[in-house]
Amino acid sequence: MDAIQVDPVFLATAVEIVLRAGDIQLARRESGFRVSKKGEIDLVTEVDLECERMCRAVIEERFPDHDVLAEEGTSAAPSRGSRYRWVFDPLDGTTNYAHGLPIFCASLGLEIDGRVEVGAIYDPTRKELFTGERGYGSFLNGAALRVSGTARLGDSLLVTGFPYDVHTQTGHLVEMFAGFLGRARAVRRLGSAALDLCYVAAGRFEGFWEQHLKPWDVAAGALIVEEAGGRITGMDGSPFDPAAAHLVASNGHVHTQMLDVIRDVRQKPQAFR
Ligand code: IPD
Ligand code: CA
Ligand code: CA
């Protein structure tokens, strides 16, 4: 599909919202916030909710007929069946944030007719604003992004993440992790899928894989990777589908090698289960 001409007000709005979320995140880090549990290890803070309310209010005021899909579902209005849907993660890296680890961001993508056309992700502690516009590239604080040129998995720095049901499928996740550890230069786990994707786009990582992701984790970041020249598929090599929850994002050059590792791990007799 070709790039469509998207009103610049949409990217400006996405940027404004993630920057405002970043301000809230930094301010509340100083003033303190309450943390509650959504599941055994899945946290939500007052800051997640405050950022999400802010986003919904801005969209409601400027584009009252648009839909919003956001993680915490704060006073979620029923779908309006709009062509436009904003997909928002108010705080990606909540566990890090709650523990005082400065690796977190806000992520906002706008889907038009089911395809993400613009995206913005802001890391307030590093003051890094990642943006992407389909067909027009992706940028870090205004400078064009390009994935790395590394061609060998053995020379690659990879990143992954673990879902909140990790306790019930530890063996499977550890096997996949071990498979990549045995092939890559090194593997990291940062705790923010949106930043993992931005870092692939920026050439800091050659590749990222994760399963059980949600649309708000990947909406903006997947576009930013693609627009930086990277490749995204499902973990089985199928075309990327944000609703499918699993993905491999890479610089393109090591993509097939990553898919080979996943296939090999899945075919091997399981050691950790
Ligand atoms: C999580 C982070 C983490 C990933 C999890 C996500 P949250 O999002 O992106 O890196 O491994 O799968 O759920 O809960 O911090 O918004
Ligand atoms: Ca998230
Ligand atoms: Ca979140």
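Our structure's up above, just so we're on the same page.
Only a predicted model underlies this, so the values are computations on that prediction, with no experimental measurement involved.

Draft legend 1. Seen up close, the sheet that holds strand β3 (residues 67-70). Strand order in the open sheet formed by 7 strands is β3-β4-β5-β6-β7-β8-β9, and the pairing between neighbours is mixed. In this open sheet, the two edge strands, each paired with only one partner strand, are β3 and β9 (143-144). Sheet analysis places strand β5 (residues 105-112) next to strand β6 (residues 115-123), joined by 7 bridges and oriented antiparallel. Bridged to L110 within β6 is V118.

Draft legend 2. Molecular detail of the coordination of the calcium ion (ligand 3). Those protein atoms acting as donors to the calcium ion (ligand 3) are E71 (OE), D89 (OD) and L91 (O), and they sit at 2.1 to 2.4 Å. Taken in chain order, the donor set of the calcium ion (ligand 3) reads E-x17-D-x1-L. Between the calcium ion (ligand 3) and the calcium ion (ligand 2), a spacing of 3.7 Å is present, and a bridge between the two is formed by D89. Note that E71 is positioned in the loop between β3 and β4 (84-92) and L91 in strand β4, a separation of 20 residues in sequence.

Draft legend 3. Fine view of the coordination of the calcium ion (ligand 2). Every protein donor of the calcium ion (ligand 2) is accounted for by D89 (OD), D92 (OD) and D217 (OD), and the metal-donor separations fall at 2.1 to 2.2 Å. In terms of primary sequence, the donors binding the calcium ion (ligand 2) are separated according to D-x2-D-x124-D.

Draft legend 4. Quick look at the pattern of salt bridges. Tallied over the full model, the rule gives 20 salt bridges. A salt bridge links R185 to D155; its shortest N-O distance comes to 3.5 Å. Remark: D155 occurs in the loop between β9 and β10 (157-160) and R185 occurs in the loop between α4 (170-181) and β11 (186-188); sequence separation between them is 30 residues. Take R185: its relative accessible area is 57%, and that puts it in the exposed class. Its salt-bridge partner being D264, residue R263 comes within 3.4 Å of it at the nearest N-O pair. A relative accessible area of 37% places D264 in the partly exposed class. Shared partners join several salt bridges into a network, and the residues in it are R28, R34, E46 and E50.

Draft legend 5. Quick peek at the sheet that holds strand β13 (residues 231-233). Strands sit in the order β11-β10-β12-β14-β13 across an open sheet of 5 strands; the sheet is mixed. The open sheet has two edge strands, β11 and β13, and neither has a second partner. On average, each strand axis in the sheet is inclined to that of its neighbour by 15°, with strand direction left out of account. Sitting on the sheet, helix α7 (residues 255-267) touches β10, β12 (207-210), β13 and β14 (247-250), and the angle it makes with β14 is about 150°.

Parameters at a glance
Every chain's residues receive numbers from 1 upward, in the order its sequence appears when written. Chains carry letters from A onward and ligands carry numbers from 1 onward, assigned in written order. Only residues with pLDDT of at least 70 are given local features in this predicted model, and only at 80 or more are side-chain atom pairs given and counted; all residues enter the totals for whole chains, interfaces and linings. Computation of side-chain values covers all heavy atoms of the structure but excludes hydrogens and water. Only strands joined by at least two bridges in the DSSP assignment are considered to pair. Each helix is a run of H or I in the DSSP string that is no shorter than four residues. Each strand is a run of E no shorter than two, and both are numbered from the N terminus. Counted as donors are N, O and S atoms no farther than 2.8 Å from the metal, or 3.2 Å for Na, K and Ca; water is not among the atoms, and sites may therefore look incomplete. Note on definitions: salt bridges are taken to be side-chain nitrogens of Lys or Arg within 4 Å of carboxyl oxygens of Asp or Glu. Buried residues are those whose accessible area, probed at 1.4 Å on protein chains only, stays under 20% of the maximum for their type, while exposed residues exceed 50% and partly exposed ones sit between those limits. Only the stretch in contact is used when fitting a helix axis, every axis being a line fitted to C-alpha atoms; angles between N-to-C directions are given from 0 to 180 degrees. The criterion used for residue contact is that any of the two residues' heavy atoms lie within 4.5 Å.

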